[in-house]
Amino acid sequence: MHSIYFARHGETVWNVENKICGMTDSPLTEKGQQQARELGQKVKESGVHIDEILYSPLSRAADTAKAVAEATGLPARCEPRLREQCFGKYEGTPRDGAEFRISKTHFADRYDGGESMMQLAQRIYNLLDELRQDENKTYLLVAHNGIARVVESYFHDMTNEEYSAAGIKNCELVEYRFE
């Protein structure tokens, strides 16, 4: 039995503007950069054992992971499967839009020009299955809120409503245990 850790990137410009980021590369704000440095200190001071950081290729997650790596001395590498879901036509639109909220409950539907929840789950579940087999290493995954939902669903049973409402705060650190 071993663990993985998950953290969401720091605050972005589009988080502040209440816009859906998805695959669009919205940079960290000054506050987001500070949150990333604080996450690095938290990991360093927590005493948790982490062997390697894996991060999304999008700059908001990569910059957060690099701040953690700098603070802790941990090796970090890009893991392309951790990129955020492509929300297609919804990227750049309000996060609380009524149409988007309904679309988030249609798991097989691809957003126009985007990726379905099922496609997203497949790539994240495949990654988690690989990490489950690697019992000699503990990873910190640094990614996105959409990825956080999928990771949560991998470890815990959730209803459709719980899944679509799930999420974590910027730079929140969560531990998951492989049973």
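These notes cover the structure that comes with them.

Rules of the game
In every chain, residue numbers begin from 1 and rise along the written sequence. Local features are withheld for residues below a pLDDT of 70 in this predicted model, meaning they are given only at 70 or higher, and side-chain atom pairs are given and counted only at 80 or more; totals for whole chains, interfaces and linings count all residues. Think of the side-chain values as coming from all heavy atoms in the structure, minus any hydrogens and water. Between buried and exposed lies partly exposed: a residue is buried under 20% and exposed over 50% of the maximum accessible area for its type, with that area taken using a 1.4 Å probe on protein chains only. To qualify as a helix, a DSSP run of H or I must reach at least 4 residues; to qualify as a strand, a run of E must reach at least 2; elements of each kind are numbered from the N terminus. Contact definition: two residues touch when any of their heavy atoms are within 4.5 Å. Charged residues are defined here as Lys and Arg on the positive side and Asp and Glu on the negative side; His and the ends of the chain fall outside this count. Salt bridge, as used here: a side-chain nitrogen of Lys or Arg that lies within 4 Å of a carboxyl oxygen of Asp or Glu. Centre distance within 6.5 Å is the pairing criterion for rings of Phe, Tyr and Trp, where only the six-membered ring of Trp is used; planes under 30 degrees apart are then read as stacked, over 60 as edge-to-face, and the remainder as tilted. DSSP bridges decide pairing: two strands pair if at least two such bridges lie between them.

So, helix H6 (residues 145-155)
Counting buried positions over the 11 residues of H6 gives 10, a clear majority of the element. Structurally, H6 contributes buried residues whose contacts are with strand E1 (2-8), helix H5 (117-133), strand E4 (139-143), helix H7 (160-165) and strand E5 (173-178).

Considering the side chain of arginine 149
By secondary structure assignment, the location of arginine 149 is in helix H6. Although buried, arginine 149 forms no salt bridge, and the nearest oppositely charged side chain, glutamate 84, lies 5.5 Å from it. When sequence neighbours within four positions are dropped, the list of residues in contact with arginine 149 reads Phe87, Lys104, Met158, Tyr163, Ser164, Ala166 and Gly167.

Some words on the packing of aromatic side chains
As enumerated under the stated definition, the model contains five aromatic pairs in all. Centre to centre, the rings of tyrosine 154 and phenylalanine 155 are 5.0 Å apart; their planes meet at 70°, and the pair counts as edge-to-face. Phenylalanine 155 carries the same exposure label as tyrosine 154, and that label is buried. Plain terms: the ring middles of phenylalanine 155 and tyrosine 176 are 4.9 Å apart, the flat faces sit at 20° to each other, and that makes the pair stacked. Residue phenylalanine 155 is found in helix H6, and its partner tyrosine 176 is found in strand E5; the two are separated by 21 residues along the sequence.

Considering the environment of histidine 9
Residue placement: histidine 9 occurs in the loop between E1 and helix H1 (13-16). Separated by 26 residues in sequence, histidine 9 and glutamine 35 place their C-alpha atoms 8.5 Å apart. With residues up to four places along the chain from it excluded, the contact list for histidine 9 reads Asn15, Arg60, Ala61, Thr64, Ala143, His144, Asn170 and Cys171.

Details of the pairing of E4
By the criterion of burial, E4 is predominantly enclosed, with five of the five residues buried. Residues Tyr139, Leu141 and Ala143 of E4 are buried on one face, and the alternating residues Leu140 and Val142, pointing to the opposite face, are buried as well. Pairing of E1 with E4, which is carried by four bridges, proceeds in the parallel orientation. Residue pairing for E4: tyrosine 5 is matched across the bridge by leucine 140. Looking at chain direction, strand E2 (residues 52-55) and E4 are connected through four bridges and run parallel. Bridge pairing in E4 links tyrosine 55 to valine 142.

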